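The residues making up each chain are set out below.
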Amino acid sequence: MSYDAKIVDVQVYLVEKAIKGNFADSTRNVETIGYCITDITTDNGLHGFGLTYHEVGGEAIREFILKALKPKLIGRSPFETEAIWEECFHYIRGVGRKGLAFCGYSTVDIAMWDLKGKLLNMPLYKLLGGVKTQIPIYASGGWTSYSLEELVEEAREMVRRGYTKIKLKVGVEGGNNPNEDVRRIRAVRDAIGPDIGLMLDANNVWRSATAVQVANRLRDLDILLFEEPVFADDIPGLAHFKQSTDIPLATGEHEYTKFGIRDLILANAVDYVQCDVTRCGGFTEILKIIGMTQAWNLAFAPHGMEYMHMHLMSAAPNAPFLERLFMFEDVSAMVFKDAPQPKNGYLELPNKPGLGMELDYDNIKEVCVKF
Ligand SMILES: [Mg+2]
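In this text, all values refer to a predicted model and were calculated from it rather than measured experimentally.

Undergrad: Help me out: how do you make sense of the coordination of the magnesium ion in this one?
TA: Surrounding the magnesium ion are the protein donor atoms Asp 201 (OD), Glu 227 (OE) and Glu 253 (OE), at 2.0 to 2.3 Å. Within one chain, the residues serving as donors to the magnesium ion are arranged as D-x25-E-x25-E. On the criterion of sequence distance, the pair formed by Glu 227 in strand S7 (residues 223-227) and Glu 253 in the loop between strand S8 (249-251) and helix H11 (257-266) is long-range, its members being 26 residues apart. Here Glu 227 matches Glu 253 in class, with each residue buried.

Structure representation (structure tokens):
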């Protein structure tokens, strides 16, 4: 039996959803969220897909995949992930070592791994060497635009839905009112009790000195991690934060490739590495990144996109939990026929080949952005 196949077509679908109401974190309003989905077809009729998410720039990602990457894939085997990664990295490097172009490349790599699983008739977690099928997952929301009452109510709802760990946004009023942040975090801790893991995400808002000041005012609240308390590119500032508080530091969602994560690690500027397979270069790259986190005895706790990360969680021994952003539940429901739903704080991996998920083509074709 031949396991191999050749890529004969690449399609890209853009699915977007307007976010109504006032959803904001410390540094921006969220107006639209969407998925850019790359669908690769092989000559034996299999489909593999990968996706990345965006708030802006989805059209550019789609065009980049179709114009720059598709011609490099036609006629190739989905098993050539290392070779194609290396070729494409150099082919696109002038415009594409980071940012939109690399989000686009990530979808292609993920789609090829989905196909590898399908060609081998094996769920991805098994192909990656994992055993675990129940993956701990936490609820993520708590926007800074919420009133205190809305914030506390959502936190209670997360706990009612069975989550044992939750994350909320901090940095209200553009980071200019730390007193109010401390009040809000304290109110949530009081509402959920001492046994629920509580994480904070400041979305890049503070300079290091202010972030340390805020963190040190939260010492008694048992904070599990503090995410992006400082501008993500201020690596020395992140390192200063890490040395100045005992709250573990999470960052990495804005880094691309092993090179970005290497710099964070070497600067001693991270405890929880939160890189995102849909940005950082797909499975081919994130496996190397996970290896680096193991070598430095750090935690790997990927950013959002639970359906793209869930199989990795089975294989990575240093991956404590997966993130589920409540804001993405609707757009995921538009795209997948059979997305597993979390129960009691765990996501059960599908026991089907590849990513183990089916796209809802009828719905996607109806709602996708037409060009
Ligand atoms: Mg974040």
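Right, picking up where we left off after that structure.
Undergrad: Sorry, what's going on with the sheet that holds strand S1 (residues 7-18) here?
TA: Note on sheets: strands pair through backbone hydrogen bonds, and any given pair is parallel or antiparallel. Read across the sheet, three strands follow the order S1-S2-S3 without closing on themselves; strand pairing throughout is antiparallel. In this open sheet, the two strands that pair with only one neighbour each are S1 and strand S3 (47-54). Each strand axis lies, on average, 15° off the axis of its neighbour in the sheet, ignoring direction. Inspection of the sheet shows S1 paired to strand S2 (residues 32-42) by eleven bridges, in the antiparallel sense. Across the sheet, Gln 11 pairs through a bridge with Asp 39, a residue of S2. Across the sheet, helix H1 (residues 58-73) is in contact with S1, S2 and S3; its angle to S1 comes to roughly 175°.

Undergrad: Is there a simple way to think about the pairing of strand S11 (residues 322-325) in this case?
TA: Two faces make up the sheet, and in a regular strand the side chains alternate between them. Where burial is concerned, the two faces of S11 agree: the one with Leu 322 and Arg 324 and the one with Glu 323 and Leu 325 are both buried. Two elements, strand S4 (residues 134-141) and S11, share four bridges in a ladder whose sense is parallel. Considered in S11, the bridge of Tyr 138 is made with Glu 323.

Undergrad: How should I be thinking about the side chain of Thr 41 in this particular structure?
TA: Inspection of the secondary structure assignment puts Thr 41 in strand S2. In contact with Thr 41, not counting residues within four places along its chain, are Lys 6, Ile 7, Val 8, Asp 9, Leu 46 and His 47.

Undergrad: Would you take a moment to explain the packing of aromatic side chains for this structure?
TA: How two aromatic rings sit relative to each other is set out by the distance from centre to centre and by the angle between their planes. Applying the stated criterion across every chain, the model contains 19 aromatic pairs. Between Trp 85 and Phe 102 the ring centres are 5.8 Å apart and the planes differ by 70°, which places this aromatic pair in the edge-to-face class. With Trp 85 in helix H2 (residues 81-91) and Phe 102 in helix H4 (residues 99-119), this residue pair connects regions lying 17 residues apart in the sequence. Owing to a relative accessible area of 3%, Trp 85 belongs among the buried residues under this scheme.

Undergrad: Hey, could you run me through the pattern of salt bridges in this one?
TA: When the charged atoms of two side chains with opposite charge come close together, those side chains can pair. Enumeration over the complete set of coordinates arrives at 25 salt bridges. Of the charged contacts, one joins Arg 160 and Glu 153 as a salt bridge, the two residues approaching to 2.6 Å between their closest N and O atoms. With a shortest N-O distance of 2.8 Å, Lys 352 and Asp 338 are connected by a salt bridge. Of the two residues, Lys 352 is situated in the loop between strand S12 (346-348) and helix H16 (361-367) and Asp 338 in the loop between helix H15 (329-335) and S12; the sequence distance between them amounts to 14 residues. Linked by salt bridges that have partners in common, Arg 161, Glu 306, Arg 324 and Glu 329 make up one network.

Cut-offs used in this document
Residues numbered from 1 in each chain as written. Predicted model: local features only at pLDDT ≥ 70, side-chain atom pairs only at ≥ 80, totals over all residues. Heavy atoms only, no water. Donors = N, O, S within 2.8 Å, 3.2 Å for Na, K, Ca; no water. Helix = DSSP H or I, 4+ residues; strand = E, 2+ residues; numbered from the N terminus. Buried < 20%, exposed > 50% of the residue type's maximum accessible area, 1.4 Å probe, protein only. Pairing = 2+ DSSP bridges. Axes fitted to C-alpha atoms, helices over the stretch in contact; angles between N-to-C directions. Contact = heavy atoms within 4.5 Å. Phe/Tyr/Trp six-rings, centres within 6.5 Å; stacked < 30°, edge-to-face > 60°. Salt bridge = Lys/Arg side-chain N within 4 Å of Asp/Glu carboxyl O.

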